[in-house]
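Okay, here's what each chain looks like letter by letter:
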Amino acid sequence: MLSENLFVISAPSGTGKTTIIKKLTKIRKDIFIPISYTTRNPRPGEIDKKDYNFLTHGAFQEMIRDEALVEHAEVYGNFYGTSYEAIINGLNNEPKVLLEIDCQGAKIIKRKFEFAKLIFIMPPSLNELNQRIMHRGQDSCQSIEIRQSQAKSEMAQWKNFDYALINKDSDQCLEEVLSIIDDLNQDHVTSNPSVMAKMEDAIKTKLY
Ligand code: 5GP
């Protein structure tokens, strides 16, 4: 029988999710994170089959045709997807499985695996998110524009998640994520009025 220890983390681009996940992988070997497939070009320092499985568009389309992907989505002009093989292997053999994917993918995972727990990480404010996207020096001008124009609508996605928390400090945020993964800590459930108020405040912050 498949384990039901499946978690999904999503966040708008620039929220600091990758930093949190990197810290998590260093301290928790019992949490398995499948490596996604993408058509995006590797960034400097990224390694094929470690950061992503980097594919051509043709090879990605072939995976879709072969129904090898449990979910896939177009994000900022590139395709990303998670394979059935990775997720099922993880649920069969690993204590916990964590997917780091976008909000569209998270919705599909919840449809296919109802027991999955969806966690949303919110930046402290829209203003700060836009600053982070601009200054992290990873993306082309075009990609920065796309990511900034989608930031607000991405922030509004928190409502589709089971848990939501704000990343003011990556260590604290990681601790909170782990308290959900390990103990299903209810302090961050999205039906909690104080969580709702915090999320709406973060979105309302003026851009300039
Ligand atoms: P980046 O290009 O910054 O690495 O990732 C862009 C977005 O794609 C992030 O929100 C990331 O979570 C998402 N992403 C990464 N892998 C997957 C995946 O397998 N499926 C989906 N739907 N999104 C993914």
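What this report covers is the structure whose coordinates are included nearby. (Residues numbered from 1 in each chain as written. Predicted model: local features only at pLDDT ≥ 70, side-chain atom pairs only at ≥ 80, totals over all residues. Heavy atoms only, no water.)

All right, on to the overall build of the protein chain then. Per the secondary structure count, the protein chain includes 8 helices and 9 strands. For the protein chain, the C-alpha radius of gyration of 17 Å lies close to 17 Å, the compact-globule estimate for 208 residues. Residue burial in the protein chain is summarised as follows: out of 208 residues, 49% are buried. Pairs at least 24 residues apart make up 69% of the contacts formed inside the protein chain by residues separated by at least 6 positions. As presented, the protein chain carries roughly 10,900 Å² of accessible surface, and 50% of it is formed by carbon and sulfur atoms. Placing the 26 positive and 29 negative side-chain charges of the protein chain at their respective mean positions leaves the two points 4 Å apart. (Helix = DSSP H or I, 4+ residues; strand = E, 2+ residues; numbered from the N terminus. Rg over C-alpha atoms; globule rule 2.2 N^0.38 Å. Buried < 20%, exposed > 50% of the residue type's maximum accessible area, 1.4 Å probe, protein only. Contact = heavy atoms within 4.5 Å. Areas by Shrake-Rupley, 256 points an atom, 1.4 Å probe, with all protein chains shown as cover. Lys, Arg positive; Asp, Glu negative; His and termini not counted. Charge placed at Lys NZ, Arg CZ, Asp CG, Glu CD.)

All right, on to the nonpolar core then. Most often, soluble globular proteins have nonpolar side chains that are buried together. With 31 residues, the main nonpolar core has Leu-6, Leu-99, Ile-109, Phe-113 and Met-122 as its most contacted residues. Top element by residues in this core is helix α8 (residues 193-204). It accounts for 4 residues. Among all residues touching Leu-6, those that are not within four sequence positions of it are Ile-87, Leu-91, Val-97, Leu-99, Ile-109, Phe-113, Phe-115, Ala-116 and Lys-117. (Core = buried A, V, L, I, M, F, W, Y, C linked by side-chain atoms within 4.5 Å.)

Here the focus is a positive patch on the surface. A surface patch of positive charge is lined by Lys-22, Lys-26, Lys-29 and Lys-50. Mapped onto the elements, Lys-22 comes out in helix α1 (residues 17-27). (Patch = residues over 30% accessible without salt bridge, like charges linked within 9 Å, V, L, I, M, F, W, Y side chains within 5 Å. Salt bridge = Lys/Arg side-chain N within 4 Å of Asp/Glu carboxyl O.)

Okay, the site of the ligand next. Taken together, 17 residues lie around the ligand, and Lys-17, Arg-40, Tyr-52, Glu-71 and Tyr-80 are the ones closest in. Within the contact set of the ligand, an oxygen atom lies 3.0 Å away from a side-chain nitrogen or oxygen of Arg-43. One nitrogen or oxygen atom from the main chain of Gly-81 is found 3.1 Å from an oxygen atom belonging to the ligand. Notes on the ligand: free accessible area 510 Å², of which the protein chains cover 94%. Looking at side-chain class alone, the shell around the ligand contains 6 nonpolar, 4 polar and 7 charged residues. (Near = heavy atom within 4 Å. Polar contact = N/O pair within 3.5 Å; in protein donor to acceptor, adjacent residues only side chain to side chain. Nonpolar A, V, L, I, M, F, W, Y, C, P; charged D, E, K, R; others polar.)

All right, on to helix α5 (residues 126-135) then. Buried within α5 we find Leu-126, Leu-129, Asn-130 and Ile-133. Buried residues in α5, looked at end-on, bunch into an arc of 95 degrees, giving them a common side. Considering only its buried residues, α5 is in contact with α6 (141-155) and α8. (Arc of directions from axis to C-beta.)

This part covers the pattern of salt bridges. One side chain can pair with another of opposite charge once the charged atoms of both are near each other. Summed over the entire model, instances satisfying the criterion amount to 11 salt bridges. Ionic pairing is found between Arg-43 and Glu-46, a salt bridge with its closest N-O pair at 4.0 Å. Here Arg-43 falls in the buried class, since its relative accessible area comes to 18%. When salt bridges with common partners are traced through the structure, they connect Arg-28, Asp-30, Lys-96 and Asp-182 into a single cluster.

If you want to describe how two helices pack, look at the angle between their axes and the distance between the axes. At their nearest, the axes of α5 and α6 sit 10 Å apart, and the two run at 155 degrees to each other. Regarding the angle of α5 to α6, the classification is roughly antiparallel. Along this stretch, α5 crosses α6, giving a crossing that reads as right-handed. Across from Leu-126, Leu-129, Asn-130, Ile-133 and Met-134 in α5, the residues of α6 making contact are Ile-144, Arg-147, Gln-148, Ala-151, Lys-152 and Met-155. Looking at the contact of α5 with α6 residue by residue, the class counts come to 7 nonpolar, 2 polar and 2 charged. (Axes fitted to C-alpha atoms, helices over the stretch in contact; angles between N-to-C directions. Parallel < 35°, antiparallel > 145°, perpendicular 65-115°, else oblique. Left-handed = near helix turned anticlockwise from the far one by under 90°.)

Right, let's talk about the sheet that holds strand β3 (residues 37-38) for a bit. Taking strand neighbours across the sheet as the criterion, the 4 strands line up as β4-β3-β6-β5 in an open arrangement whose pairing is mixed. On the outer flanks of this sheet lie β4 (53-54) and β5 (69-75), each paired with one strand and no other. Alignment of β3 against strand β6 (residues 78-83), held across 2 bridges, turns out to be antiparallel. Its bridge partner being in β6, Tyr-37 is matched across the sheet by Gly-81. (Pairing = 2+ DSSP bridges.)

The parallel open sheet is built from 5 strands, whose spatial order is β2-β7-β1-β8-β9. Each edge of the sheet is formed by a strand with only one pairing partner; in this case those strands are β2 (31-32) and β9 (163-166). Taken together, the 2 bridges between β2 and strand β7 (residues 96-100) define a ladder with parallel strand orientation. The partner of Ile-31 across the bridge, within β7, is Lys-96. Against the sheet, helix α7 (residues 170-183) makes contact with β1 (6-10), β2, β7, β8 (117-122) and β9, and its axis sits at roughly 165 degrees relative to β9, the strand it touches most.

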